[in-house]
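Coordinate inspection notes
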Amino acid sequence: MSSTLDVVNPYSLEVIGSAETSEWNQVDGMLATAHRLFRQRDSWLPAYQRIEILKKTARLMEARFEELAFQIANEGGKPLVDARVEVMRAIDGVELCVHEVGQMTGREIPMDLTEAGSGRLAFTQREPIGVVVAASAFNHPLNLIVHQVAPAVATGCPVIIKPAPDTPLSCLDFVGMLHEAGLPPDWCRAVVCNNEVAEQMITDPRVGFFSFIGSARVGWMLRSKLTPGARCALEHGGAAPVIVGEDADIDEMIPLLAKGGLYHSGQVCVSVQRVFAAPSKAQEIAQKLAAAAKLLKVGDATDATTDCGPLIRPGEVDRVEEWVSEAIDGGAELLAGGKRLSSTTYAPTVLLNPPANVRVSQLEIFGPVICVYSIDSIAEAIETANSLPFAFQAAVFTQSLETAFQAIQRLDATAVMVNDHTAFRVDWMPFAGRRQSGYNTGGIGYTMHDMTQDKMAVIRL
């Protein structure tokens, strides 16, 4: 029997909506229908039809721009100014899928390289991989859904999406707009369900591709249980390092670091977390970051003047408070914040020289905390940055090409930003974690490639 899940504003904790939940028998029926659609090739949607659906969806999103932005802020706690950016990115992402449909091409395979292959013509085509099942995270409740669902629609894969239980409304709206734009409902379903039903769905043998954005513990566990042959993409978190050269322009750097570390109250998988600088620079950097942090207004994300919204749940405030207290007790110097402002908000915080063995130095904070460390050399900074089992995006600030390329070559990261913060991203670039931070590569075009597979034709002439 279905029930409903209340959705709350994470700042006020007031109920703002609800979503109907599904039990296994309902999900099983969705999987059966999706698998049947994939198996019946005559029912596949032609490319021109998928393109038209995605174009119409983008127009519907534009018409509801402010409504979608408010909902992101209301259910997810992302400040309205940033929520508007997310809506624009989501619209651009849908349009990027339209462009990438035309890039899904095969290639000719030369056959006469040996006598055995001569007299034959061979070429490849891209085909949809099968039923896509996706599980998403709360921190970008519309754009992450677009990144997981729109590529599936673009490639012709039936898709079932499970949004984060904290933020299902944006997902339900996006799926509704796909249907309104002409996508037959059975080709895309949103499922709000408990973890047991979700695991049963994800590990079902009818799933061809699994997309997951969330915690490493859950993602790697689910990957270990996938049916043989199922592909997957996992996107987890990191503890993003920033290397600061002696010649860096500190005043130019501070706004970038503050934005990269405190944007969405640090609830971003590539948020600036660990800043390494020479002892002569570290104090100044920490003090100027603290000054910037103290200027930020913390409050209700639906207020257009808010810079930092709430953490997604009160328990996250408790956790961040505990981690920061541990660092201070261990000898870290507190320069800004370091306290809860309410049951749902935590002050933007800057710590100088936390011990290496405390949690803010070892694990992803996922909260509004930036740590600055005094380090004796670039080489030592890179070694320390690489010492954790996580590797995602990193950054270096310098005016020296030598220092920049030293960081590019030696940092264990999938992307190294030069004179920019670690949270920079555009949606057509590859976006991925290494080691415990993820598996396979995100980004619209890369995801579409992973959701398709090669088929070769060999013709004997």
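All values derive from a computational prediction rather than experimental measurement.

A closer look at the overall build of the chain
In terms of helices and strands, the chain carries 15 helices and 20 strands. By the compact-globule yardstick of 23 Å for 461 residues, the chain fits well, its C-alpha radius of gyration being 23 Å. Projecting the C-alpha coordinates of the chain onto the three principal axes gives extents of approximately 70 × 60 × 40 Å. Relative to its 461 residues, the chain shows a buried fraction of 56%. Look at the contacts in the chain between residues 6 or more apart in sequence, and 70% of them connect residues 24 or more apart. Element-wise, carbon and sulfur atoms account for 52% of the exposed surface of the chain, whose accessible area totals about 19,000 Å². A gap of 6 Å separates the mean positions of the 38 positive and 54 negative side-chain charges of the chain.

A look at the sheet that holds strand β7 (residues 188-190)
Strand order in the open sheet made by the six strands is β7-β6-β5-β8-β9-β19, with mixed pairing throughout. Strands with a single pairing partner mark the edges of an open sheet, and in this sheet they are β7 and β19 (438-439). Bridge count between strand β9 (residues 231-235) and β19: two bridges; the pairing is antiparallel. Bridged to L234 within β19 is Y439. On the sheet, helix α5 (residues 143-155) packs against β5 (131-135), β6 (159-162), β7 and β8 (207-213) and is oriented at approximately 170 degrees with respect to β6.

Observations concerning helix α6 (residues 169-180)
Along its twelve residues, α6 runs 16 Å from first to last C-alpha, staying within 8% of the 16 Å computed at 1.5 Å per residue. Residues of α6 that are buried: L169, S170, C171, D173, F174, V175, M177 and L178. In the stretch just after α6, G182 is the one whose phi turns positive, near 115 degrees.

Re the side chain of R274
With respect to the secondary-structure elements, R274 resides in strand β11 (residues 272-277). Although buried, R274 forms no salt bridge, and the nearest oppositely charged side chain, D412, lies 9.6 Å from it. A distance of 2.9 Å separates a polar side-chain atom of R274 from the backbone oxygen of A239.

Description of the nonpolar core
Of all hydrophobic cores here, the largest spans 53 residues; its most connected members are L54, M61, V149, F174 and L178. Broken down by element, this core gets its largest block of residues, ten residues, from helix α4 (residues 80-101). Setting aside residues up to four positions removed in sequence, L178 forms contacts with I53, L54, T57, V149, V153, L183 and C188.

Some thoughts on empty space enclosed by the protein
For the structure on display, the rule yields four cavities of 30 Å³ or more. Approximately 190 Å³ is the volume found for the largest cavity. Along its surface, the largest cavity is lined by 21 residues, and S211, I213, E235, G442 and T447 are the ones closest to its centre. Secondary structure elements with two or more residues in the lining of the largest cavity: α5, β8 and β9.

Thoughts on the packing of aromatic side chains
For the structure on display, the rule yields six aromatic pairs. Pairing W220 with Y439 gives two aromatic rings, centres 6.4 Å apart and planes at 70 degrees, and the pair type is edge-to-face. With W220 in helix α8 (residues 216-224) and Y439 in strand β19, this pair connects stretches of sequence that are 219 residues apart. Residue W220 is classed as partly exposed on the basis of its relative accessible area of 28%. Taking relative accessible area as the criterion, Y439 reaches 32% and is therefore assigned partly exposed. Ring plane angle 45 degrees and centroid distance 4.9 Å describe the contact between F392 and F431, whose orientation is recorded as tilted. Within this pair, whereas F392 is found in the loop between β15 (390-391) and β16 (393-397), its partner F431 is found in the loop between β17 (415-418) and β18 (434-435), the two being separated by 39 residues in sequence. The residues F392 and F431 share a single accessibility class, namely buried.

Remarks on the environment of R319
Here R319 is to be found in helix α11 (residues 314-329). By relative accessible area, R319 is classed as buried at 18%. As a C-alpha pair, R319 and I365 span 46 residues in sequence and 9.1 Å in three-dimensional space. Discounting residues that sit within four places of it in the chain, R319 has contacts with E364, I365 and F366. In this structure the side chain of R319 is engaged in a polar contact, spanning 2.7 Å, whose partner is the backbone oxygen of I365.

Quick notes on the sheet that holds β11
Strand order in the open sheet formed by seven strands is β12-β13-β14-β11-β10-β16-β17, with mixed pairing between adjacent strands. Of all strands in the sheet, those bounded by a partner on one side alone are β12 (333-336) and β17. Across the sheet, the mean angle from the axis of one strand to that of its neighbour is 20 degrees, orientation sign disregarded. Summarising the sheet, β11 and strand β14 (residues 369-374) pair through four bridges and their orientation is parallel. Bridge pairing in β14 places A277 opposite S374. Its contacts with the sheet put helix α13 (residues 378-385) on β10 (240-244) and β11, and the angle it makes with β10 is roughly 180 degrees.

Some thoughts on α5
In this model, α5 (13 residues) spans 18 Å end to end at C-alpha, consistent with the 18 Å of a helix rising 1.5 Å per residue. The sharpest bend along α5 comes to roughly 25 degrees, located at V149, with the proline P151 sitting one to four residues further on. Here α5 lies mainly inside the structure; 13 of its 13 residues are buried.

Digging into unusual backbone geometry
Of note in this structure, H264 is not a glycine but carries a positive phi near 55 degrees. Among the secondary structure elements, H264 is positioned in the loop between α9 (250-262) and β11. On the basis of relative accessibility, which here comes to 1%, the residue H264 falls in the buried class. Not every positive phi belongs to a glycine, and S265 is a case in point at roughly 50 degrees. Note that S265 resides in the loop between α9 and β11. Among the residues examined, S265 registers a relative accessible area of 0% and is labelled buried.

So, how was this worked out
Residues numbered from 1 in each chain as written. Predicted model: local features only at pLDDT ≥ 70, side-chain atom pairs only at ≥ 80, totals over all residues. Heavy atoms only, no water. Helix = DSSP H or I, 4+ residues; strand = E, 2+ residues; numbered from the N terminus. Rg over C-alpha atoms; globule rule 2.2 N^0.38 Å. Buried < 20%, exposed > 50% of the residue type's maximum accessible area, 1.4 Å probe, protein only. Contact = heavy atoms within 4.5 Å. Areas by Shrake-Rupley, 256 points an atom, 1.4 Å probe, with all protein chains shown as cover. Lys, Arg positive; Asp, Glu negative; His and termini not counted. Charge placed at Lys NZ, Arg CZ, Asp CG, Glu CD. Pairing = 2+ DSSP bridges. Axes fitted to C-alpha atoms, helices over the stretch in contact; angles between N-to-C directions. Expected span 1.5 Å × (residues − 1). Salt bridge = Lys/Arg side-chain N within 4 Å of Asp/Glu carboxyl O. Polar contact = N/O pair within 3.5 Å; in protein donor to acceptor, adjacent residues only side chain to side chain. Core = buried A, V, L, I, M, F, W, Y, C linked by side-chain atoms within 4.5 Å. 1 Å grid on protein atoms, 1.4 Å probe; cavity = no way out; pocket = protein on both sides within 12 Å on 5 of 7 lines; lining within 4 Å. Points joined across faces, edges and corners; volume = space filled by probe spheres on them. Phe/Tyr/Trp six-rings, centres within 6.5 Å; stacked < 30°, edge-to-face > 60°. Bend = angle between axes of the 7 residues up to and from the residue.

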